[in-house]
Amino acid sequence: MRSALPCLSLLCFAASLSEIQADESICSAPLRHALMTVRSSGASAGSNAASVAWQCSFKFSNHDEAINSGVDVGTVVYGVPLKVGGKFDRKQADQWKEQNCSKNTQNASFEGASYDYLREVAPGAMSAFVTCIQAHASTSALNCSLTREPTALTVKWRRSDGESPAAAPKIHRVMVTNGSCQPGFGPGTVVSDGGIGTPCTTVDKKDLLIMIETSRGLCTTVAPYPKKVFTIAGKLSLDGDRSITSDVVEFRQGHVITNGHSLTVTANELNISGTTEIISFDKNGSARPPGTPGESGGTLLLKFSHLTADNDLRIDLTGQDGVAGAPGANGVQGPPGGNARGRGLQGIRGCGGGNDATPGGQGTPGKDGSAGGNGGNGGVVVVERTGADKDDSELSRLIIVGKEGHTFPGKGGAGGARGIGGPGGPGGQGGGGHDGCGGRPGAGPGPKGADGGKGTDGLDGKPGTITIE
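Residues numbered from 1 in each chain as written. Predicted model: local features only at pLDDT ≥ 70, side-chain atom pairs only at ≥ 80, totals over all residues. Heavy atoms only, no water.

S.K.: How should I be thinking about the sheet that holds strand S6 (residues 179-181) in this particular structure?
M.R.: The pairing of strands in a sheet comes from backbone hydrogen bonds and takes either a parallel or an antiparallel form. The four strands are arranged S3-S4-S7-S6 in an open sheet whose pairing can be described as antiparallel. Each edge of the open sheet is held by one strand with a lone partner, namely strand S3 (142-147) and S6. The average angle at which neighbouring strand axes cross in this sheet is 25 degrees, direction not considered. With four bridges joining them, strand S4 (residues 152-157) and strand S7 (residues 196-202) adopt antiparallel strand pairing. (Pairing = 2+ DSSP bridges. Helix = DSSP H or I, 4+ residues; strand = E, 2+ residues; numbered from the N terminus. Axes fitted to C-alpha atoms, helices over the stretch in contact; angles between N-to-C directions.)

S.K.: What am I meant to see in the pattern of salt bridges here?
M.R.: Pairs can form between side chains of opposite charge whenever their charged atoms are close. Applying the stated criterion across every chain, the model contains 11 salt bridges. Of the charged contacts in the structure, one is a salt bridge between Glu213 and Arg173, with a shortest N-O distance of 3.0 Å. Pair noted here: Glu213 is in strand S8 (residues 208-214) and Arg173 is in strand S5 (residues 171-177), with a separation of 40 residues, a long-range link. By relative accessible area, Arg173 is classed as partly exposed at 27%. Among the ionic pairs, Glu277 bridges to Arg314, the shortest N-O distance being 3.3 Å. Remark: Arg314 occurs in strand S15 (residues 313-316) and Glu277 occurs in strand S13 (residues 276-279); sequence separation between them is 37 residues. Residue Glu277 is classed as buried on the basis of its relative accessible area of 19%. Classification of Arg314 as partly exposed rests on a relative accessible area of 34%. One network of salt bridges, in which partners are shared, links Glu277, Arg314 and Asp316. (Salt bridge = Lys/Arg side-chain N within 4 Å of Asp/Glu carboxyl O. Buried < 20%, exposed > 50% of the residue type's maximum accessible area, 1.4 Å probe, protein only.)

S.K.: Whenever I open this one, the nonpolar core confuses me. Can you help?
M.R.: One finds Val249, Leu263 and Ile315 to be the most contacted residues of the largest nonpolar core, which totals 23 residues. Listed by contribution, the elements that provide at least two residues to this core are strand S11 (242-257), strand S12 (263-273), strand S14 (299-309), S15, strand S18 (380-385) and strand S19 (398-400). When residues in this core are grouped by element, the largest group, five residues, is from S12. Leave out the neighbours within four places in its chain, and Ile315 touches Ile278, Leu300, Leu302, Val381, Ile399, Ile400 and Val401. (Core = buried A, V, L, I, M, F, W, Y, C linked by side-chain atoms within 4.5 Å. Contact = heavy atoms within 4.5 Å.)

Shown next, in the form of structure tokens:
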């Protein structure tokens, strides 16, 4: 069952825009954009109260106006469910405001009420909203200035010629976000044309935002936090573990090679432009000795609140392949056989003596090929989003090479080729006969040596992990 209290988040803001969008001074565009991601289900008591106060500062003309602005049919506004063609009972609307709105909330400016509401439900949009208000208030009777170092607020009356001192603006309230101003300005403080000032303090790493409501209009100012920017452009090859921490880390045509080391990038804003990649190893790197095992892909931690990109960031922490083993050495040729010696006359015994040629010796065996190097393990990729509102669409810009939540391992190198056995030695030469006695024939070559064995193939590495938080 719907509550009679005003709705929260975008619906309420959209409903109000129909009556005030013609007045650019309230900066409806930043409001609409800011509330796109606000979720009413997570509204706190503080944001609920801010919503009531915010709705007290505007009114609808009729149901269609609210519906056309984005409020669902059936939503209870001023105690009445919206319907097509419906009209508000002004008496009933006034009764609702009497029950839910104080005199102050009804008299508050729309800008001030919006400021309070944004501070509760969409603090990330405050800077854009205040800057917009500031830009449209350049001709008001007030001028605000805010310095960061040291932090101080100054408010001046832009007194026109002939204006009486009695026309000086009087402060109604001062709203400060991401800091405080002490002693500050109390209600009723008169703003002189010479200016009044107060020191302020600011929250670390936040924009200091101030809005002042006076009897002569609004005054807004911003002291932006000076963000630190770290830029990665061109080729960056790591020779050790590296940690990069900055408010903004931007990749501009960045080509990072981790060489298996750990890389941690921590930023509030991660910006990507141009063709950018983070890879574990250069495939065209220097040659490694045979049988060298591959290195693991290392670890990459990307920790950020917001990601903006006009191109993809390709991440490939595949493990390094092992190098093939060296081939086995070939055997050497066997020794030559002995030469034959022909027969000769041996006195009354006639022809005799001599000896046969002997075959060549066997070649030596070939050597075994050496083992291939094992592949390196796949790297570890962790993407940690620290923002309150995690936009999954940002992840489409991160192209992580892998499968089913795992990075690829390196492949094992092939074992070295077997060594070829040495050829047999040449056989001995035949010997000629003497004194008419017959010679001896030559012998054949020796047997070939045995071939060596092929080296053992290296093992593939283990897959790494991909974690999105």
